[in-house]
Amino acid sequence: MAATADDRVRAQIIEYAASTPDPPPYGPAGIHTRGCGRCRRTSWRQRDLWVCANCGHVEDA
């Protein structure tokens with residue numbers, strides 16, 4: 001995380017970090033992403049599924 005003495009910038013960094021989901025554990029195939037079919041945000045591939053990090057929508061891979 002960037003170090004800053006500016007309280008406004010620090011609040012923006014904290015808000016961004018808190019609202020950004022963690023990726024799934026890194027596996028032998030790496031991390032795969034694509035756009036969610038429902039909300040167009042980031043979906044992570046987890047085994048045989050795509051799981052949206054934003055709305056939770058699940059699709060078969």
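Thresholds, definitions, all that
- Residues numbered from 1 in each chain as written.
- Predicted model: local features only at pLDDT ≥ 70, side-chain atom pairs only at ≥ 80, totals over all residues.
- Heavy atoms only, no water.
- Helix = DSSP H or I, 4+ residues; strand = E, 2+ residues; numbered from the N terminus.
- Expected span 1.5 Å × (residues − 1).
- Polar contact = N/O pair within 3.5 Å; in protein donor to acceptor, adjacent residues only side chain to side chain.
- Salt bridge = Lys/Arg side-chain N within 4 Å of Asp/Glu carboxyl O.
- Buried < 20%, exposed > 50% of the residue type's maximum accessible area, 1.4 Å probe, protein only.

With 13 residues, helix 1 (residues 7-19) ought to run about 18 Å at 1.5 Å a step, and its terminal C-alpha atoms sit 18 Å apart, in line with that. For helix 1, the side-chain oxygen to backbone nitrogen distance between the N-cap and Arg 8 is 2.9 Å, and the N-cap itself is Asp 6.

All right, on to the pattern of salt bridges then. What the rule picks out here adds up to one salt bridge. Notably, a salt bridge pairs Arg 34 with Glu 59, separated by 2.5 Å at the nearest N-O pair. Here Arg 34 is found in strand 1 (residues 33-35), whereas its partner Glu 59 is found in strand 4 (residues 58-60), with 25 residues between them in sequence. Residue class for Arg 34 comes out partly exposed when judged on its relative accessible area of 32%. For Glu 59, a relative accessible area of 25% corresponds to the partly exposed category.

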